[in-house]
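Each chain, letter by letter, is given below.
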Amino acid sequence: MLTIVTLISGSGSNLLSLLKACDNPLYPAKVLAVGSDKDATGLVHAEQYGIPTFVVEPEKFDSKHQWAEVLAANITHLKPDLIVLAGFMKILPESFTDRFSPKIINLHPSLLPSFPGAHAVRDALQSGEKVTGCSIHVVDAGVDTGPVIRSRQVDILADDDQGSLHERIKIQEQAMLVEVVRDIAEGKINLEDFDGNR
Ligand code: GRF
């Protein structure tokens, strides 16, 4: 059984999709806890599934480093096999990513390396491209720069706005996350093969 700690900042639709999958006894992964940098609305999904939650707010610390140390401490005592960033919107310092990489993956709403950063859906829409998508990558010290494990394409429609496009991307993200976590658990994906630090 692959054990996971998930970090979120938002509505947690990807978290919910993972929790639903993990609820099936045949699914080879289990979420141990869900953390956030704020009182994110998505934490309610964890509570509904009886999964412990923790919140570590950067504003309560003198430095990013101190915040990340406490965040890491909340994770390490659980000894998870994998950390999943599912809409976690804070940039983690290198001290944190070095500690966990390559056993830390992030979901991003574009076909990386195109459109990294916090405005990927808006940037894809403004680019005039006809296709965007979503990616799951190993987290390294950069922002959305780690090796891509898997991606899915999503067409950009002529009448799309940011909301409609992001909703269709999220449908693909949710399915891809469940698929990738299963493949990691079953050894079909070896994260060491994607270790950008080597
Ligand atoms: C997803 O699109 C993810 O790629 C991005 O933030 C969004 C989170 O959505 N990093 P949700 O909170 O899982 O609904």
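Residues numbered from 1 in each chain as written. Predicted model: local features only at pLDDT ≥ 70, side-chain atom pairs only at ≥ 80, totals over all residues. Heavy atoms only, no water.

Draft legend 1. View of the pattern of salt bridges. Following the criterion strictly, the structure yields nine salt bridges and no others. For aspartate 37, the salt bridge identified is with lysine 90, shortest N-O distance 3.3 Å. With a gap of 53 residues between them, aspartate 37 in the loop between strand S2 (29-36) and helix H2 (43-48) and lysine 90 in the loop between strand S4 (82-85) and helix H4 (94-100) connect regions that are remote in the sequence. Judged by its relative accessible area of 32%, lysine 90 is partly exposed. Where arginine 150 meets aspartate 183, a salt bridge forms, and the shortest distance between an N and an O atom there is 2.9 Å. Here arginine 150 is found in strand S7 (residues 148-155), whereas its partner aspartate 183 is found in helix H6 (residues 162-185), with 33 residues between them in sequence. You can call arginine 150 partly exposed: its relative accessible area is 24%. (Salt bridge = Lys/Arg side-chain N within 4 Å of Asp/Glu carboxyl O. Helix = DSSP H or I, 4+ residues; strand = E, 2+ residues; numbered from the N terminus. Buried < 20%, exposed > 50% of the residue type's maximum accessible area, 1.4 Å probe, protein only.)

Draft legend 2. How the structure looks around the site of the ligand. Close contacts around the ligand come from Gly10, Ser11, Gly12, Ser13, Asn14, Gly87, Leu107, His108, Pro109, His166, Lys170 and Glu173, and that covers them all. One of the side-chain N or O atoms of serine 13 is found 2.6 Å from an oxygen atom in the ligand. In this structure, glutamate 173 approaches the ligand through a side-chain N or O atom, which is 2.3 Å from an oxygen atom. Considering the ligand on its own, with 360 Å² of exposed area, one finds that the protein chains cover 91% of that surface. One can see that the ligand is located within the largest pocket. The set of elements that each furnish at least two residues to the shell around the ligand consists of helix H1 (13-22), strand S5 (104-108) and H6. Per-element accounting of the shell around the ligand gives the leading share, three residues, to H6. (Near = heavy atom within 4 Å. Polar contact = N/O pair within 3.5 Å; in protein donor to acceptor, adjacent residues only side chain to side chain. Areas by Shrake-Rupley, 256 points an atom, 1.4 Å probe, with all protein chains shown as cover. 1 Å grid on protein atoms, 1.4 Å probe; cavity = no way out; pocket = protein on both sides within 12 Å on 5 of 7 lines; lining within 4 Å. Sits in = over half its atoms within 2 Å of the grid points.)

Draft legend 3. Seen up close, unusual backbone geometry. The peptide bond linking serine 101 to proline 102 adopts the cis configuration, its omega dihedral lying at 10°. Note that proline 102 resides in the loop between H4 and S5. Positive phi values are uncommon outside glycine, yet lysine 79 reaches one of about 50°. By the element assignment, lysine 79 lies in the loop between helix H3 (64-76) and S4. Taking relative accessible area as the criterion, lysine 79 reaches 68% and is therefore assigned exposed.

Draft legend 4. Region of the structure containing the pairing of S2. When you tally the buried positions in S2, you get seven out of eight residues, the bulk of the element. In this region the chain leaves strand S1 (residues 2-8), passes through H1 and returns to the parallel neighbour S2; the handedness of that crossover is right-handed. Sheet topology note: the S2/strand S3 (residues 53-55) ladder contains three bridges and is parallel. Paired with serine 36 across the strands is valine 55, a residue of S3. Once the chain exits S2 it traverses H2 before rejoining the sheet at S3, and the crossover so formed is right-handed. (Right-handed = clockwise from strand over helix to strand, strands pointing away. Pairing = 2+ DSSP bridges.)

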